[in-house]
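An overview of the molecular structure
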Amino acid sequence: VLEVETNQAGASEEFFSRLGALYFRLNRTGVAVGACRNAIKKNPRAADAYPILFQIYFQNGQFADALSLVDGAAKISHAPGELLVLCGELYLQLSTRMPDQKQALSARALEIFQRANINEIKVPEVLLRLAEGFNSLNHDKETAAIYEKLLNDFPELSLVRERVRAKLADILLRMKDRQRA
């Protein structure tokens, strides 16, 4: 069904992303790469195809291609917060396989995380991923600010609330802010 839909004129990037994911799961990476590239060409600001294409490159040891993909996505002007958070995460993942570039990739991740405007991100899961990205880079102030925003803006999320509260208290204690902890 997805293959027929993508052959239709005007098929959306979402259909190409789904087709790429399906082919990736079927281990047909060549066709998956083509479908993901088509999705990105149709809508470079949508985040769906990037992680699939990244995983293909990453699993095949094509780290230069994976880096080029993330660099391209990171350069998109006015990129949505979800795409920026994803790019930061992918830079950090690449740094595990490219130890000679770990410092530079961590710096790129930090720059991308800082570009993501926490006030424009409305999905708590994306905010949580952003906080965890900052936390992995030992940026306690930014992490704490996002955790506080999550607690204030999404009090109804009980599972997130307990986890975030514990992490926030730990960070505030590390920052020697006992009053807020």
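Right above here is the structure, for reference.
Residues numbered from 1 in each chain as written. Predicted model: local features only at pLDDT ≥ 70, side-chain atom pairs only at ≥ 80, totals over all residues. Heavy atoms only, no water.

Scanning the model with the defined rule gives 7 salt bridges in all. For the salt bridge of lysine 149 with aspartate 153, the shortest nitrogen-to-oxygen distance reads 2.5 Å. With lysine 149 and aspartate 153 both in helix α9 (residues 140-153) and 4 residues apart, the pair spans about one turn of that helix. Judged by its relative accessible area of 15%, lysine 149 falls in the buried class. Among the ionic contacts, a cluster of salt bridges with common partners joins Asp140, Asp170 and Arg174. (Salt bridge = Lys/Arg side-chain N within 4 Å of Asp/Glu carboxyl O. Helix = DSSP H or I, 4+ residues; strand = E, 2+ residues; numbered from the N terminus. Buried < 20%, exposed > 50% of the residue type's maximum accessible area, 1.4 Å probe, protein only.)

In this section: helix α5 (residues 63-74). Here α5 spans 16 Å end to end across 12 residues, near enough to the 16 Å set by a 1.5 Å rise per residue. Three or more residues of α5 are buried, namely Phe63, Ala66, Leu67, Leu69, Val70, Asp71, Ala73 and Ala74. On its buried side, α5 packs onto α3 (29-42), α4 (49-59), α6 (81-95) and α7 (102-115). (Expected span 1.5 Å × (residues − 1). Contact = heavy atoms within 4.5 Å.)

Here the structure, examined in full by the defined rule, presents 0 disulfides. Residue cysteine 36 stays outside any disulfide, its sulfur separated by 15 Å from that of cysteine 87, the closest cysteine. (Disulfide = S-S within 2.5 Å.)

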